[in-house]
Amino acid sequence: MKVNNTPYRTIWLADDGWAVEIIDQTKLPHNFITVRLENLADGIHAIADMLVRGAPLIGATTAYSMALAMREDASDDALDTACDRLYAARPTAVNLRWALDEMRKVLTPLAPSERTAAAYVRAGEIADEDVEICSSIGDNGCELINRVWQDKNQTGVVNVLTHCNAGWLATVDWGTALAPIYKAFNAGIPVHVWVDETRPRNQGASLTAWELQQHGVPHTLIADNTGGHLMQHGKVDLCITGTDRTTRTGDVCNKIGTYLKALAAKDNNIPFYVALPGPTIDWTLRDGVAEIPIEERGGDEVLHMAGLCDDGVVREVLLTAPGVTAANYAFDVTPARLVTGLITERGVCAASADGLDGLYPELC
Ligand code: MRU
C-alpha cells in the first residue's frame, strides 16, 4: 500500500541485502520512521515492544529474525536458542509459532554453513506468500461487501465496523479485515468504516485511521464503546475484524473488546465476519476460551496515553491519579457461535470445524 503515494510493504530487505527494515508502528501516526534490524535481539525487540504487530506481520518478522540469527551463529544450539527466544516474544499470535515451525523445517536438516542463505530464502517466501494470501482474503471479503451493496439497491454507503488494526500494517501488505475494504473501495463500491479507537494502545486511532486516510477510504473514529449504539440505530451493515489465533472449531481470539462487539452484533442481527490467513488457524486447539494464552501486558499502557501536543512534540501523559493500578489483558476470545463466517484466502466458511475442514482438508 502507499504512504504519501510511495508503495511500501511493512517489512523488506535493506539495500545491503541482509539487514531487515520495518516501519516503527509505535511512532505512527505522527512520525513515519523506518528501523533497521541487524540481529536476533533487534528482531525480538521489534516484536515484543510492538514496533511491528499484527499476527501475520509478527510471523514474517519472526522468519526474518531467524535469518538474522543464523547470520550470527548457525549452530544447532543457536538455532534452538533463537527459536526459544522468539517464541517467548509474544504469546497470543499463533503465526509466530507457525513461522518458527516453517523455518525449523527448512533449517534443521541443513549443515550450519547452508542455513543462513536458506533462512533468507524461506523468510522472503513467507513474506511474499502473506501478500498473496491477504490479496485473496480481500477478493473473497469484497464479494460480501458487494452483496450488502446490492441488497441496499446500490444506495447510500456500506458501513463496516472494525476493531484494532487488521490492515496492511498488521500484515506484509493488504491486511486481513481491511483487505476486503480496500478491494471494495478500489472497485468503486462506496464504503465507510467505523474505526474503534481500541484502547489501550489505540491501534484503531493511530494505525487503522492513518492507513485508511492514506488510501482515501472514508472512515470515522469512534470511542470503543460506541459500536453497540451504532448497531441499534442501523448505522452498521457488517463488522469485519481480524484475529491473532483461531481454533480449529472457529473460536476467534482477537484484540481485547472484539467479543463485546460480536455480542452487540448478534443482538442486532448484524453479520460479524472475521478475516484470517491459514497460518492463523491453530489446528491443535478446540476451545478458545479455555486454551488460548492471553497476553497480559504492563498496566502502564492503560494508565498512560501519548499524543501530539500543540508545540509539535509527541508526549505521554498519565491519565489517573498517581499510584492507581491497572490490568491489561491484550486479547479476548469470541466463541464461534457469535461469528457469522470466516473470510480466508480459500473462501468464506462457517466458523466451525466443518467449515474449516472444508477449506483446509489437508490440514485438519
Ligand atoms: O496487539 P496487536 O496489535 O499485535 O494485535 C493485533 C490484533 O489483535 C488485530 O486486531 C489483528 O486482527 C490481528 S492481526 C491481523
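Residues numbered from 1 in each chain as written. Predicted model: local features only at pLDDT ≥ 70, side-chain atom pairs only at ≥ 80, totals over all residues. Heavy atoms only, no water.

## Examining the environment of Asp-128
And step 1. Mapped onto the elements of the fold, Asp-128 is located in helix α5 (residues 112–151).
And step 2. Between the alpha carbons of Asp-128 and Asp-173 there is a distance of 9.1 Å; along the sequence they are 45 residues apart. (Helix = DSSP H or I, 4+ residues; strand = E, 2+ residues; numbered from the N terminus.)

## Some remarks on the pairing of strand β7 (residues 191–196)
And step 1. Buried residues dominate β7, accounting for 6 of its 6 residues.
And step 2. Residues Val-191, Val-193 and Val-195 point to one face of β7 and His-192, Trp-194 and Asp-196 to the other, with burial holding for every one of them.
And step 3. Following the backbone out of strand β6 (residues 158–162), through helix α6 (residues 178–186) and into the adjacent parallel β7, one traces a crossover that is right-handed.
And step 4. Bridging between β7 and strand β8 (residues 219–222) involves 4 bridges; their strand directions are parallel. In the strand pairing of β8, Trp-194 is matched with Thr-220.
And step 5. Each parallel crossover has a hand, and for β7 linked through helix α7 (residues 203–215) to β8 it is right-handed. (Buried < 20%, exposed > 50% of the residue type's maximum accessible area, 1.4 Å probe, protein only. Right-handed = clockwise from strand over helix to strand, strands pointing away. Pairing = 2+ DSSP bridges.)

## Brief notes about the domain arrangement of the chain
And step 1. As far as domains go, the chain holds domain 1 (2–129) and domain 2 (138–359).
And step 2. Relative placement of domain 1 and domain 2: their C-alpha centres are 24 Å apart.
And step 3. Facing the 33 residues of domain 1 at the interface are 35 residues of domain 2.
And step 4. Roughly 2,700 Å² of surface becomes buried between domain 1 and domain 2 when both sides are summed, with 57% attributable to carbon and sulfur atoms.
And step 5. Here domain 1 is connected to domain 2 by 2 salt bridges.
And step 6. In this structure, Asp-282 engages Arg-97 in a salt bridge whose closest nitrogen and oxygen atoms are separated by 3.1 Å.
And step 7. There are 15 residue pairs in polar contact (both at pLDDT 80 or more) connecting domain 1 and domain 2.
And step 8. Among the elements of the structure, β1 (2–3), α2 (55–72) and α4 (94–107) are those that each provide at least two residues to the side of domain 1 that touches domain 2.
And step 9. In the side of domain 1 that touches domain 2, the residues fall into 18 nonpolar, 9 polar and 6 charged. (Domains from an automatic or database assignment. Contact = heavy atoms within 4.5 Å. Buried area = accessible area lost by both parts, 1.4 Å probe. Salt bridge = Lys/Arg side-chain N within 4 Å of Asp/Glu carboxyl O. Polar contact = N/O pair within 3.5 Å; in protein donor to acceptor, adjacent residues only side chain to side chain. Nonpolar A, V, L, I, M, F, W, Y, C, P; charged D, E, K, R; others polar.)

## Digging into the site of the ligand
And step 1. Taken together, 18 residues lie around the ligand, and Arg-53, Arg-90, Gln-203, Asp-244 and Lys-255 are the ones closest in.
And step 2. One of the side-chain N or O atoms of Arg-90 is found 2.8 Å from an oxygen atom in the ligand.
And step 3. Measuring from an oxygen atom of the ligand, one finds a side-chain N or O atom of Lys-255 at 2.6 Å.
And step 4. Summarising the interface, the protein chains cover 100% of the accessible area of the ligand, which totals 410 Å² for the free molecule.
And step 5. Every element with two or more residues in the shell around the ligand is listed here: α2 and β11 (252–255).
And step 6. For the shell around the ligand, the class distribution of residues is 7 nonpolar, 7 polar and 4 charged.
And step 7. Here the shell around the ligand spans two domains, and each of domain 1 (2–129) and domain 2 (138–359) adds at least three residues to it. (Near = heavy atom within 4 Å. Areas by Shrake-Rupley, 256 points an atom, 1.4 Å probe, with all protein chains shown as cover.)

## Things to note about the pairing of strand β9 (residues 238–241)
And step 1. Residues Leu-238 and Ile-240 of β9 are buried on one face, and the alternating residues Cys-239 and Thr-241, pointing to the opposite face, are buried as well.
And step 2. Taken together, the 2 bridges between β6 and β9 define a ladder with parallel strand orientation. Looking at the pairing, Leu-161 lines up with Cys-239 of β9.
And step 3. Judged from the 3 bridges that link them, β9 and strand β12 (residues 272–275) form a sheet pairing that is parallel. Note on β12: the bridge partner recorded for Ile-240 is Tyr-273.

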